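Now for the letters of each chain:
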Amino acid sequence: LDAFRIHGWARQISDRQGNLVENDHLDLLDYLIGRLSEHGIRTVLTPIAWWPPGYPEPNPETDGLSDLFDKGGMTTEPAARAPQVNYLRQFVQHVNPHTAVSYRDDPAVLAVEIFNEPSHPGGPEATTAYINDMVAALRDAGFEKPIFYNISQGNSETHGRSICAADIQGVTYQWYPTG
C-alpha cells in the first residue's frame, strides 16, 4: 500500500459558515496523515463527505456546513457556495500539528478530490460552474497539486462532459466489489 484516499467529514470539522473547527475529529485526521507519511504512504484528501457520520449507529448532532443542505443542494444552492469555498480554503491551509506542514504544502498529500460522490441536479452548466468555483477556492488558497472530481453519480455522457470541462486534473470513481 503506498497511497490512501481519506475523507474529511465537513459536518464534523466545520461550522455552518465553513470555518474549520479544531477538534478531536480534525486531530485524528491530522494524526492519520502524519502516521501514514511516516510509513511512506501518501494521501489523496477528500474534504467534503456529505452524509452524516453515524452509520450504523444513530447520527450524532453536528453543526457543520453540510448539515444545512441535501447532497444536491450542496452543488446547486447559492447559499451553500460561500461556506464550501471558505471551508476548502481553510482546509488546505490547515497546518497539521503532527507534521508541522499544511495540507497544501505536505509532500505526502498527493491531491484533493473535492467532494465524495456528489449529486448534480442543476444540469451541465451548473455542474461545471460549481466545480470551477471549488477549484478556484483551492487555487486561491495556494493549493498547486492536482485536483480531482468524483464522477460516480449521475452517469451520463452529458454529466461526464460537464465535469471534464471543469478546470480539474482528473476524475475519480469508486467501485464497490460487493455490489
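First, a word on scope: everything that follows refers to the structure included in this document. Bear in mind the structure is a predicted one, so any value in this text is a computation, not a measurement.

In spatial order, the strands read 1-2-5-6-7; together these 5 strands make up an open sheet with parallel pairing. Edge strands, defined here as strands with exactly one partner in the open sheet, are strand 1 (3-7) and strand 7 (170-172). When strand polarity is set aside, the average angle formed by the axes of neighbouring strands in this sheet is 30°. Sheet analysis places strand 5 (residues 109-113) next to strand 6 (residues 147-150), joined by 2 bridges and oriented parallel. Of the residues in strand 6, the one forming a bridge with valine 112 is isoleucine 147.

This brings us to unusual backbone geometry. The omega torsion across tyrosine 55 and proline 56 is 5°, close enough to zero to call that bond cis. By the secondary structure assignment, proline 56 is in the loop between strand 2 (42-46) and helix 3 (71-76). In this structure, alanine 100 takes a positive phi of about 65° despite not being glycine. By the secondary structure assignment, alanine 100 is in the loop between strand 3 (95-96) and strand 4 (101-102). With a phi angle near 50°, glutamate 117 is a residue other than glycine that sits in the positive phi range.

Parameters at a glance
Residues numbered from 1 in each chain as written. Predicted model: local features only at pLDDT ≥ 70, side-chain atom pairs only at ≥ 80, totals over all residues. Heavy atoms only, no water. Pairing = 2+ DSSP bridges. Helix = DSSP H or I, 4+ residues; strand = E, 2+ residues; numbered from the N terminus. Axes fitted to C-alpha atoms, helices over the stretch in contact; angles between N-to-C directions.

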